[in-house]
Amino acid sequence: MLRKAMSKLTINSTLRMNSGYEIPMLGYGVYKTPANVCEDVVTKAFEAGYRHVDSAAGYRNEEPCGAAIKKSSIPRSQIFFTSKVPPMQLSYDSASAQVDASLKLSGLDYIDLMLLHAPYGGREARKGAWKALVEAQEAGKVRSIGVSNYGVAHLDEMEVYIKELEKERGGEGKGGKIDVGQWEVHPWMPRRDIAEWCKKRGVVVEAFCPIVRGKRMDDPALVPLIKKHRKTGAQILIRWSLQKGFVPLPKSETPSRIVENAGVYDFELDTEDMKALELDVYEPCAWDPTVAALED
Ligand SMILES: NC(=O)c1ccc[n+]([C@@H]2O[C@H](COP(=O)([O-])OP(=O)(O)OC[C@H]3O[C@@H](n4cnc5c(N)ncnc54)[C@H](OP(=O)(O)O)[C@@H]3O)[C@@H](O)[C@H]2O)c1
């Protein structure tokens, strides 16, 4: 059954979010992509078949992302654009203002997904920023909303203030629903606790650093699969992520790698292969705010 579902994965595969909107499973990350090359590489990504761009206010490239989206002949409805509210000084005001700023900078009529980039700032800051996203969603400025780098404690806390917001804002649904969460996820950061939390609630898990920034290509867990499938390490890791039901967001500024990272639909990892990548380790290659205390 799983095998059958997996063989159906295509570059156009999507997942349905709690908002009712669809999210393309393969994303294209633009962290550290300089603004002056960003429009060009996003255009190349569209040519390679990606339909999902993951940016953030902090990446300082929402403007060229928006330019590439508007310039493209692909209908806006078929492209998915994400931005994020910066982690510092999280608050109701900063999140409301950021939604407007991201709309203005990107030049888009709506943002497909707005995330809170990290959980810093304390409970009231997180609750206020979340309320701002809920209002932006109701206003049609953003279609889906979520969080990034929240640990299980931050997620559990959200469930409490979502209930509070329901009461404060006049009833069921008024507290918002988490559509997506974004975390560093790959075989060396399996995030089983968070993935389980999300699965129970229909929250889509996005995987950042899905190819571990290119640093694990000669890892003993990966090499046999590279040889077996005659695919690159990046392709094996992206395929692993997709078969786990995640939304991987590989980043590349290199035209050949942009194409390579999308070439993951002509092979399949079998049960044994997936098992070989079930590692029980915690080895992040990026920051990990999930471990921050609730007071931080
Ligand atoms: N929410 C968060 O806190 C957070 C944090 C980090 C990342 N993200 C998101 O997730 C995206 C992906 O994460 P990431 O950019 O940190 O890491 P990544 O996608 O795992 O790796 C990107 C790095 O790997 C290189 N690369 C790309 N394709 C390759 C290939 N086929 N073979 C070997 N090396 C390859 C890239 O170099 P070139 O560009 O030179 O090709 C770049 O240096 C980001 O762009 C961003 O959108 C979010």
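The rules behind the values
- Residues numbered from 1 in each chain as written.
- Predicted model: local features only at pLDDT ≥ 70, side-chain atom pairs only at ≥ 80, totals over all residues.
- Heavy atoms only, no water.
- UniProt positions renumbered as here; feature names shortened; annotations may be inferred.
- Salt bridge = Lys/Arg side-chain N within 4 Å of Asp/Glu carboxyl O.
- Helix = DSSP H or I, 4+ residues; strand = E, 2+ residues; numbered from the N terminus.
- Buried < 20%, exposed > 50% of the residue type's maximum accessible area, 1.4 Å probe, protein only.
- Near = heavy atom within 4 Å.
- Polar contact = N/O pair within 3.5 Å; in protein donor to acceptor, adjacent residues only side chain to side chain.
- Areas by Shrake-Rupley, 256 points an atom, 1.4 Å probe, with all protein chains shown as cover.
- Nonpolar A, V, L, I, M, F, W, Y, C, P; charged D, E, K, R; others polar.
- Contact = heavy atoms within 4.5 Å.
- Core = buried A, V, L, I, M, F, W, Y, C linked by side-chain atoms within 4.5 Å.

Per an unreviewed UniProt entry, the protein goes by Aldo-keto reductase-like protein and derives from Hyaloscypha variabilis. Annotation of the protein in UniProt includes, under Sequence similarities (unreviewed entry), the sentence "Belongs to the aldo/keto reductase family."

Draft legend 1. Local environment of the pattern of salt bridges. The full count for this structure, using the stated rule, is 24 salt bridges. A salt bridge links Lys174 to Glu138, with the nearest nitrogen and oxygen atoms 3.8 Å apart. With Lys174 in the loop between helix H6 (152-169) and strand E8 (180-184) and Glu138 in helix H5 (residues 123-138), this pair connects stretches of sequence that are 36 residues apart. Residue classification places Glu138 among the partly exposed residues on the basis of a relative accessible area of 44%. Residues Glu278 and Arg192 are paired through a salt bridge, measuring 3.0 Å at the closest nitrogen-oxygen approach. With Glu278 in the segment after helix H11 (271-276) and Arg192 in helix H7 (residues 192-201), the pair connects residues that are 86 residues apart, well separated along the chain. Classification of Glu278 as partly exposed rests on a relative accessible area of 34%.

Draft legend 2. Here's a closer look at the site of the ligand. In the vicinity of the ligand there are 28 residues, among which Asp54, Lys251, Ser252, Glu253 and Thr254 approach most closely. The contact in question runs from a nitrogen atom of the ligand to an N or O atom on the side chain of Ser148, over 2.9 Å. Taking Glu253, its main chain carries an N or O atom lying 2.8 Å from an oxygen atom of the ligand. Taken by itself the ligand offers 900 Å² of open surface, and the protein chains cover 88% of this. Sorting elements by how many residues they give to the shell around the ligand places helix H10 (residues 255-262) first, with three residues. Residue composition of the shell around the ligand, grouped by class: twelve nonpolar, nine polar and seven charged.

Draft legend 3. Broad picture of the UniProt feature "active site" (unreviewed entry) in the protein. The UniProt entry lists Tyr59 under the feature "active site" (unreviewed entry), expressed in the numbering used here. One can find Tyr59 in the loop between strand E4 (52-54) and helix H3 (62-71). Apart from the residues lying within four places of it in its own chain, the contact partners of Tyr59 are Val30, Tyr31, Asp54, Lys84 and His117.

Draft legend 4. Seen up close, the nonpolar core. Counting residues in each nonpolar core, the largest one holds 80 residues, and the members touching the most others are Val42, Leu116 and Trp130. Among the elements that make up this core, the one with the highest residue count is H5 (seven residues). Discounting chain neighbours no more than four positions away, the residues touching Val42 are Tyr28, Val30, Val53, Cys65 and Ala68. Within the second largest apolar cluster, nine residues are counted, among which are Ile23, Leu115, Val204 and Val247.

Draft legend 5. Representation of the side chain of Gln182 in the model. Structurally, the position occupied by Gln182 is in strand E8. At a separation of 3.0 Å, a polar atom in the side chain of Gln182 contacts the side chain of Asp54.

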